[in-house]
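What follows is the residue order along each chain.
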Amino acid sequence: MSDAPSPAATSPASAKIPVTVLTGYLGAGKTTLLNRILTENHGRRYAVIVNEFGEIGIDNDLVVGADEEVFEMNNGCVCCTVRGDLIRIMDGLVKRRGKFDAIIVETTGLADPAPVAQTFFVDQDVGEAARLDAVVTVADAKWLTDRLKDAPEARNQIAFADVILLNKSDLVTPAELDLVEGEIRAINPFAKIHRTKDCAVPLDAVLERNAFDLGRILDLEPEFLEAGHHHHHDSEIRSVSARIDGPVNPETFMPWISNLTQVQGPDILRCKGIVAFPGEPKRFVFQGVHMILDGDVQAEWRADEPRVSRVVFIGRNLDAEAIRAGFESCRA
């Protein structure tokens, strides 16, 4: 794939198979959520890919029996050695499309979601047939604060999430729950958060949400991309946002965003943006994972809607002033 944001794959987004990546640290409740998905009477058919770390798998025994197919990859972690298997299994599922409505990938509790998400950008066959609908992270309300201190994987899972289930909320006080949610917001300002007990949440709140599409971002937190809206916290992971009240010059913006992600890609966990181009009636929407970028024009700007260009980056060692200055230099 080229360094610059590429056009959307040839298949219309609506025709692509939606894929939900389900992640969360060990013991947070991922299998509980998956069991709910496989047992509730929702009228949908899901193909499930279950992964766990280690030579001998047990998650397949923990996933209740259902009509859906469960694929277990137990010879390594999805985020590293099993990535090739993920592509192979996805290719196999794509050939059987029509027998299921969507795909769920449950990662090991030690997984970094980045390589899984990248699969939908870097593999052409997968990208043309399937779309990443959302990264859903299950977080343990009682132990998340500790895990954010000693487990980088837990922090990455929060940073990558589009939807977060703050689970086991009954095990902490309301004040403690507010503090934990504040820690989540400091890392990831745009994810939709649901406070849950036993992962009890309406399934339409986590599945087929099209949450990875940045077009929904203002529904999640309308003001999060306002000028100066960012979070200060002790974590090495931070979010940086910027806006321009007007269009940006694509001849300047494209090289800037490409160079930024290529140079700082290892430190950029996620990036998203909606920008206006002069004379273009549609929004240009981009999103990225590390050095992988994808973008295309999407919904038209409404007649009564200000053509405001917005970008957000989540990652480590980000120079907020340099990012904002670079984006400002793209002003049309």
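Model, not experiment: these values are computed from the prediction.

Caption draft 1: Highlighting the side chain of Ser169. Along the polypeptide, Ser169 turns up in the loop between strand S6 (163-167) and helix H8 (174-187). For Ser169, a relative accessible area of 17% translates into the label buried. Within the local environment of Ser169, its side chain forms a polar contact with the backbone oxygen of Thr196, the two atoms lying 2.9 Å apart. For Ser169, the residues in contact, after removing those within four places along its chain, are Ala141, Leu177, Arg195, Thr196 and Lys197.

Caption draft 2: Focus on the packing of aromatic side chains. Applying the stated criterion across every chain yields a total of seven aromatic pairs. Ring centres of Trp256 and Phe327 lie 5.8 Å apart, and the angle between their planes is 40 degrees; on these two criteria the pair is classed as tilted. Taken together, the residues Trp256 in helix H10 (residues 250-264) and Phe327 in helix H11 (residues 320-328) connect sequence positions 71 residues apart. For the pair Trp256 and Phe327, one class covers both residues: buried. Sitting above the plane of the Trp143 ring, Lys142 keeps its charged end 5.5 Å from the centroid. Cation over ring: Arg283 sits above Trp301, and NZ or CZ is 5.1 Å from the ring centre.

Caption draft 3: Quick look at the pairing of strand S1 (residues 17-24). S1 sits mainly inside the fold: eight of its eight residues count as buried. The alternating pattern of S1 places Ile17, Val19, Val21 and Thr23 on one face and Pro18, Thr20, Leu22 and Gly24 on the opposite face, and all of these are buried. Examined bridge by bridge, S1 and strand S4 (residues 102-106) share four bridges and lie parallel to one another. Its bridge partner being in S4, Leu22 is matched across the sheet by Glu106.

Caption draft 4: Summary view of the nonpolar core. Counting residues in hydrophobic clusters, the biggest one holds 48 residues, and the most contacted among them are Met90, Ile103 and Phe120. Here this core takes six residues from helix H3 (residues 83-95), the largest share from any one element. Setting aside anything within four residues of it in sequence, one finds Met90 in contact with Val19, Ile49, Ile103, Phe120, Val126 and Ala130. Grouped together as the second largest cluster of nonpolar side chains are 23 residues, Leu34, Leu38, Ala102 and Leu165 included.

Caption draft 5: Seen up close, the sheet that holds strand S9 (residues 268-275). Pairing is antiparallel in the open sheet, where five strands are placed in the order S8-S12-S9-S10-S11. Each edge of the open sheet is held by one strand with a lone partner, namely strand S8 (237-244) and strand S11 (292-300). Averaged over all pairs of adjacent strands, the angle between strand axes in this sheet comes to 10 degrees, irrespective of strand direction. Looking at chain direction, S8 and strand S12 (residues 309-316) are connected through eight bridges and run antiparallel.

Caption draft 6: Representation of the pattern of salt bridges. Applying the stated criterion across every chain yields a total of twelve salt bridges. A salt bridge links Lys168 to Asp140; its shortest N-O distance comes to 3.2 Å. Highlighted residues: Lys168 in the loop between S6 and H8 and Asp140 in strand S5 (residues 130-140), separated in sequence by 28 residues. Judged by relative accessible area, which is 23%, Lys168 ranks as partly exposed. Exposure remark for Asp140: the relative accessible area of 10% places this residue in the buried category.

Parameters at a glance
- Residues numbered from 1 in each chain as written.
- Predicted model: local features only at pLDDT ≥ 70, side-chain atom pairs only at ≥ 80, totals over all residues.
- Heavy atoms only, no water.
- Helix = DSSP H or I, 4+ residues; strand = E, 2+ residues; numbered from the N terminus.
- Buried < 20%, exposed > 50% of the residue type's maximum accessible area, 1.4 Å probe, protein only.
- Polar contact = N/O pair within 3.5 Å; in protein donor to acceptor, adjacent residues only side chain to side chain.
- Contact = heavy atoms within 4.5 Å.
- Phe/Tyr/Trp six-rings, centres within 6.5 Å; stacked < 30°, edge-to-face > 60°.
- Lys NZ or Arg CZ within 6 Å of the ring centre and 35° of its normal.
- Pairing = 2+ DSSP bridges.
- Core = buried A, V, L, I, M, F, W, Y, C linked by side-chain atoms within 4.5 Å.
- Axes fitted to C-alpha atoms, helices over the stretch in contact; angles between N-to-C directions.
- Salt bridge = Lys/Arg side-chain N within 4 Å of Asp/Glu carboxyl O.

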